[in-house]
Structure formats: structure tokens, C-alpha cells
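This is what each chain is made of:
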Amino acid sequence: MTDAGTQPTATTQRSRTERIERYLLQVIATGAVMFSVIGAWAAIARAISLLTSPTVRVTDMMAATDRADLVADFGAVSDAASVTADVTVVGLPSAARWWLLAADALPVITGIGVAVVIIVFIVGVLKGRPFGTMTLWGLVAYAALALIGDWGHGVLQAIAHGEVASFLGGSAASGVSADDVFSMSLDISMTPLVWAIALAVIAAAFEIGRRMQRDTEGLV
């Protein structure tokens, strides 16, 4: 026999927990919106500077030269090499600037896309339909964005750095080649692919849940 005095308490506790959960979801959704706005603002500011500034700061250029001078004062180090170089370029042509802009903008765009997917998830949960069609497509979009954001950025950055190195080669001193200083490098990580596969499995599980929810509603 259920104690009549304990049931209202349990109901009140469950209601309080649901309110806290809804509040946390709303905070996360608000954070996603703020992230999107701040990311878009920063991307626009960067784009204006990149396209209009007489000098452009290019970071993480792959360096091809060894730096023996870095180890001259350390007897315990036998060799050293420069991995990347940051250069400030004057008079960079528009083509290279646009490639740099594309490489910078893609992570921001994919980040905004991920924020939109998160908001879709939260709206579905708040409406009591966590297994809706939008949730399924949101997971698929998230998996695609994970691949595009990482791999696409790497490809665009490699092209942009190649354009910058080509321009620098035209201004090099006699007997110096840009190929001797900068190397072309494209680093593709398999981690986004693993995440995409995992999200595809989760999407399949969500689709099964959506069908079960639909069947259950049909029985009521």
C-alpha cells in the first residue's frame, strides 16, 4: 500500500527535476546562439582585415629547413627542426587572401552549423519529441559537419599556404627558393571519420526509437 504522504513529495521532486533539466537545456541553447553570434562577428572582422590590410599575418606555415642553431647551446640535444613558421607578408595578392579567408571561415561556418544542430536537439527534447525526424537529420548533419570542418579546413589551408609560398618565392633573394624554406603539407586526421561513423550508429538508434515512439502513440 502506497503511503499517501510520500506520493506528493515524489511528484514535487520529479517536477523540480524536470524544471532544472529544462532550464539547463535552455542555457545550453542560449550558449549555442551566443557562440554562433560571436563566431560570425569574429569571422567577419577577420575577413575585413584579411582583405583590406596591407600586411597579412600567416600562421603555421610548414617549414622545410632544419634549425641547427637552436641546439648550439644544448649539449644534450643532437638535432632540431622548425615545424611551423609564422610570417607577416606585405602585398599579398587577392587570390591568396581569399584562400586564407576560406580556410579561416570554414571552421566558423561548421561551428555555427553544429550550434544549429544542438538547438534543434534541444527544441525536440523540450517539445517532448526527442526522436523526431529533425533529430535524425540533425545527427546526419552533425556527422557531415565533423568531416567537412576538419578535412575541408586542412585542404583549404594547404592550398592557401601554397599560394603564399608561391608569392614569397617571387620576392626571394637571388639563389633562394621558397621550396627550400616552406614545404607543402596536408595533415588529414582519421578522428572525424570515427566520430562520423559513431554518429551514424547513434542516428540509426534514434530512428529505431522514433519508430517505436510512433508505434506506441498509435496504440494509445
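Since we're looking at a predicted model, the values are computed, not measured.

1. Looking at the overall build of the protein
When helices and strands are counted, the protein shows four helices and two strands. Written out in order from the N terminus, the α and β elements of the protein read α-β-β-α-α-α. Burial status across the protein gives 26% buried among its 220 residues. When contacts within the protein are restricted to residue pairs at least 6 apart in sequence, long-range pairs at least 24 apart make up 83% of them.

2. Digging into the environment of Ile 112
Among the structural elements, Ile 112 can be located in helix α2 (residues 94-126). When the C-alpha atoms of Ile 112 and Val 33 are compared, they prove to be 8.5 Å apart, with 79 residues separating the residues in sequence. In this structure, Ile 112 is in contact with Phe 35, Ser 36 and Ala 40, ignoring residues within four places of it in sequence.

3. What to know about unusual backbone geometry
Even without glycine at this site, Asp 60 takes up a positive phi of about 60°. Counting through the fold element by element, Asp 60 comes out in strand β1 (residues 55-62).

4. A word on a nonpolar patch on the surface
Side chains of Trp 99, Val 155, Ile 159, Leu 186, Ile 188, Met 190, Leu 193, Ile 197 and Val 201 sit close together on the surface and give an oily, nonpolar patch of about 730 Å² of accessible area. Contributions of two or more residues to the nonpolar patch are made by α3 (133-170) and α4 (191-219). With three residues, α4 is the single largest residue contributor to the nonpolar patch. Considering the arrangement of structural elements, one finds Val 201 in helix α4.

5. Considerations on the side chain of Ser 53
With respect to the element layout, Ser 53 can be found in the loop between α1 (7-52) and β1. Among residues more than four places away in sequence, those in contact with Ser 53 are Ile 48 and Arg 97.

6. A few points about the nonpolar core
Counting residues in hydrophobic clusters, the biggest one holds 16 residues, and the most contacted among them are Val 58, Met 61, Val 89, Leu 92, Leu 100 and Val 164. Elements supplying a minimum of two residues to this core: α1, β1, β2 (84-90), α2 and α3. No other element matches α3, which puts four residues into this core. In this structure, Leu 136, Leu 139, Ala 196 and Leu 199 belong to the second largest nonpolar core, which totals six residues.

Thresholds, definitions, all that
- Residues numbered from 1 in each chain as written.
- Predicted model: local features only at pLDDT ≥ 70, side-chain atom pairs only at ≥ 80, totals over all residues.
- Heavy atoms only, no water.
- Helix = DSSP H or I, 4+ residues; strand = E, 2+ residues; numbered from the N terminus.
- Buried < 20%, exposed > 50% of the residue type's maximum accessible area, 1.4 Å probe, protein only.
- Contact = heavy atoms within 4.5 Å.
- Patch = residues over 30% accessible without salt bridge, like charges linked within 9 Å, V, L, I, M, F, W, Y side chains within 5 Å.
- Areas by Shrake-Rupley, 256 points an atom, 1.4 Å probe, with all protein chains shown as cover.
- Salt bridge = Lys/Arg side-chain N within 4 Å of Asp/Glu carboxyl O.
- Core = buried A, V, L, I, M, F, W, Y, C linked by side-chain atoms within 4.5 Å.

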